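Listed below, chain by chain, are the residues.
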Amino acid sequence: MVTAAVAGASGYAGGEIVRLLLAHPAIEVGALTAASNAGSRLGEVHPHLTPLADRVLVETSAQTLAGHDVVFLALPHGASAALAAQLPDEVVVIDCGADFRLGDAQAWAQFYGSEHAGTWPYGLPELADRDGARHREALAGARRVAVPGCYPTACSLALAPGYVAGLLEPEDVVIVAASGTSGAGKGLKAHLLGAEVMGSMSPYGVGGVHRHTPEVEQNLSRAAGAAVTVSFTPTLAPMPRGILATATAKAAPGATAASVREAWHTAYADEPFVHLLPEGQWPRTADVLGSNCVHVQVALDERAGRVVAVAAVDNLTKGTAGAAVQCANLALGLPETTGLPLTGVAP
Ligand SMILES: NC(=O)C1=CN([C@@H]2O[C@H](COP(=O)(O)OP(=O)(O)OC[C@H]3O[C@@H](n4cnc5c(N)ncnc54)[C@H](OP(=O)(O)O)[C@@H]3O)[C@@H](O)[C@H]2O)C=CC1
Ligand SMILES: CC(=O)N[C@@H](CCC(=O)OP(=O)(O)O)C(=O)O
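Every chain is numbered on its own, with residues counted from 1 as its sequence reads. Think of it this way: whatever chain is written first is A, whatever ligand is written first is 1, and the rest follow in order. Whole-chain, interface and lining totals are the exception, using all residues; otherwise, since this is a predicted model, local features are given only for residues with pLDDT of at least 70 and side-chain atom pairs are given and counted only at 80 or more.

> Just to check I follow, could you spell out the domain arrangement of the chain for this structure?
A common way to express how large an interface is: the accessible area buried when the components associate. Domain annotation of the chain identifies domain 1 (2-147 + 317-332) and domain 2 (151-313). Segment limits for the domains were obtained from an automatic or database-derived domain assignment. Computed over C-alpha atoms, the centres of domain 1 and domain 2 are 23 Å apart. Runs of E in the DSSP output that reach at least two residues are strands. Runs of H or I that reach at least four are helices, and both are numbered from the N terminus. If you list the elements that add at least two residues to the side of domain 1 that touches domain 2, you get helix 5 (105-112) and helix 11 (317-332). If one sorts the elements of the side of domain 1 that touches domain 2 by residue count, helix 11 sits on top with six residues. Amino acids are sorted into nonpolar (Ala, Val, Leu, Ile, Met, Phe, Trp, Tyr, Cys and Pro), charged (Asp, Glu, Lys and Arg) and polar (every other residue, Gly among them). Its residues placed into classes, the side of domain 1 that touches domain 2 shows 10 nonpolar, seven polar and six charged.

Now the structure itself:
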């Protein structure tokens, strides 16, 4: 049995990792750490994690995380790097934060305004490069993994097959994505007050300033083998979980409805977690809640000359914690799907 510590277990992402590990046959839950909630019982912050309700959260430090085979970091941006540097090289460290996702230090400085910590293998196993190689190849046996942001997971998986197949133009990509409020973390934020979120949708991070923009561009550029530019607009939706990303890109000359469908089918036919829906059926966030699956659909808008691709994920499962466990499975040499839910909880 492998043991895993979860740093930031009092947060939404850390709580979801614990939920998934409780159903994992090969990983045992070790230390659970927190910041302001250190000393509290897990059941006080996450009453839904019933089997471990009496477990006491300890402070986050290299000492409390020592002695585990795997360490999941579910901490605010910037908190992972210093901690990860103190963990032994042989320990599998899976970071849910952004610190090690970007390869471009300049893009990091522009969007995060701090020093770039470095780049780790990117934890989106299903994503393919232009030559068809999947990112999972770099994750097998890895000792450090950067889990993608929740929006980049949905946006990248929606469009990447079109770039790998050469059916999309690299410029003028437009993506609008709606997210449930848990995407913003557990801390109280003025714009997330119940009375202001319920019954209303609102955009934020508008005008190319959201920090997931360079991450999506990085992923699609690898798929295209050329620089892809993206206009990305996130939207807050009155639901606790879920992301629905609607992406459109200019169709390359010669693209047809049949070639588009074939490209997405080829990309995902053998992927256990990414499901291209039957023609005419469109993704809904409710269908992937609590599941590690991504639902995808695509169509060619012949009038506008654009391909429209839509993806739905649960931001806390495939969008963070599920991807983290999937990457831990790959790093540990376990079957990639071990312990991960393939079914949602709809309605
Ligand atoms: N929520 C989501 O959908 C997604 C989140 N992520 C990433 O996962 C990470 C965690 O996010 P999320 O769970 O939503 O955030 P939360 O705010 O819900 O949780 C943050 C966690 O970090 C702890 N913490 C707070 N400040 C510090 C600090 N200075 N040093 C160490 N620990 C600290 C908190 O402890 P305490 O509560 O005890 O103070 C809590 O356990 C972030 O990097 C986020 O960007 C990635 C993809 C999607
Ligand atoms: C609704 C909401 O606020 N979502 C978050 C994204 C959450 C996520 O993926 O986070 P990281 O890149 O921070 O890991 C946001 O837009 O900032």
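> Sorry if this is basic, but what is going on with the pairing of strand 4 (residues 70-73) here?
Side-chain direction in a regular strand flips from residue to residue, so the side chains alternate between the two faces of the sheet. Residues with at least 20 other C-beta atoms within 10 Å of their own are called buried, those with 12 or fewer are called exposed, and the rest are partly exposed. The C-beta atoms themselves are positioned from the backbone. Here strand 4 shows no split at all, with Val-70 and Phe-72 on one side and Val-71 and Leu-73 on the other all buried. Strand pairing is assigned whenever DSSP identifies at least 2 bridges connecting the two strands. Here strand 1 (residues 2-7) pairs with strand 4 via four bridges, running parallel. Within strand 4, the position partnered with Val-6 by the bridge is Phe-72. Alignment of strand 4 against strand 5 (residues 92-95), held across four bridges, turns out to be parallel. Following the sheet pairing, Phe-72 is matched in strand 5 by Ile-94.

> Before we go on, may I ask you to explain the site of ligand 1 in this structure?
Any residue whose C-beta atom, as set from the backbone, lies within 6 Å of a molecule or strand is reported as near that molecule or strand. What surrounds ligand 1 is a group of 29 residues, the closest being Gly-11, Asn-37, Gly-97, Gly-185 and Lys-186. Counting residues per element, the ones that place at least two in the shell around ligand 1 are helix 1 (12-21) and helix 11. When residues in the shell around ligand 1 are grouped by element, the largest group, three residues, is from helix 1. Of the residues assigned to the shell around ligand 1, the class counts are 11 nonpolar, 17 polar and one charged. In this structure, the shell around ligand 1 is formed jointly by two domains, domain 1 (2-147 + 317-332) and domain 2 (151-313), each of which donates at least three residues.

> Looking at this structure, I do not really get the sheet that holds strand 3 (residues 58-59). What am I missing?
Strand order in the open sheet formed by six strands is 3-2-1-4-5-6, with parallel pairing between adjacent strands. Each edge of the open sheet is held by one strand with a lone partner, namely strand 3 and strand 6 (144-146). Residue pairs are scored as contacts if the distance between their C-beta atoms, which are placed from the backbone, is within 7 Å. Note on geometry: axes are lines fitted to C-alpha atoms, helical ones only across the stretch in contact, with angles between N-to-C directions running from 0 to 180 degrees. The strands that helix 11 touches are strand 1, strand 4, strand 5 and strand 6; relative to strand 5, the one it contacts most, it runs at about 155°.

> Explanation requested: the UniProt feature "active site" (unreviewed entry) in the chain in the structure shown.
UniProt positions are given in the numbering used here, feature names are shortened, and annotations may be inferred rather than shown by experiment. UniProt records the feature "active site" (unreviewed entry) at Cys-150, using the numbering of this structure. Mapped onto the fold, Cys-150 is located in helix 7 (residues 150-164). The class for Cys-150 is buried, based on 30 C-beta atoms found within 10 Å. With residues near it in sequence (within four places) discarded, Cys-150 still touches Ser-179, Gly-183, Ile-243, Val-313, Asn-315, Gly-319 and Thr-320.

> Is there a simple way to think about the nonpolar core in this case?
One recurring pattern in soluble globular proteins: nonpolar side chains tend to sit buried together. Nonpolar cores are built from buried Ala, Val, Leu, Ile, Met, Phe, Trp, Tyr and Cys residues. These are joined into a set through C-beta atoms within 7 Å. By size, the foremost hydrophobic cluster in this structure holds 108 residues, and its most contacted members are Phe-72 and Ala-245. No other element matches the 10 residues that helix 7 contributes to this core. Split by domain, the residues of this core number at least three in each of domain 1 (2-147 + 317-332) and domain 2 (151-313). In this view, Phe-72 contacts Ala-4, Val-6, Ala-7, Ile-17, Ile-94, Cys-96 and Ala-324; residues no more than four positions away in its chain are not counted.

> I'm lost on unusual backbone geometry in this one. Help?
Note on backbone geometry: most residues besides glycine have negative phi, and most peptide bonds are trans. The residue after Ala-346, namely Pro-347, is reached through a cis peptide bond having omega 5°. Within the secondary structure, Pro-347 is located in the segment after helix 11. Its identity is not glycine, yet Asp-172 carries a phi of approximately 70°, on the positive side. Mapping Asp-172 onto the fold places it in the loop between helix 7 and strand 7 (173-179). A tally of 14 C-beta atoms within 10 Å means that Asp-172 is categorised as partly exposed.

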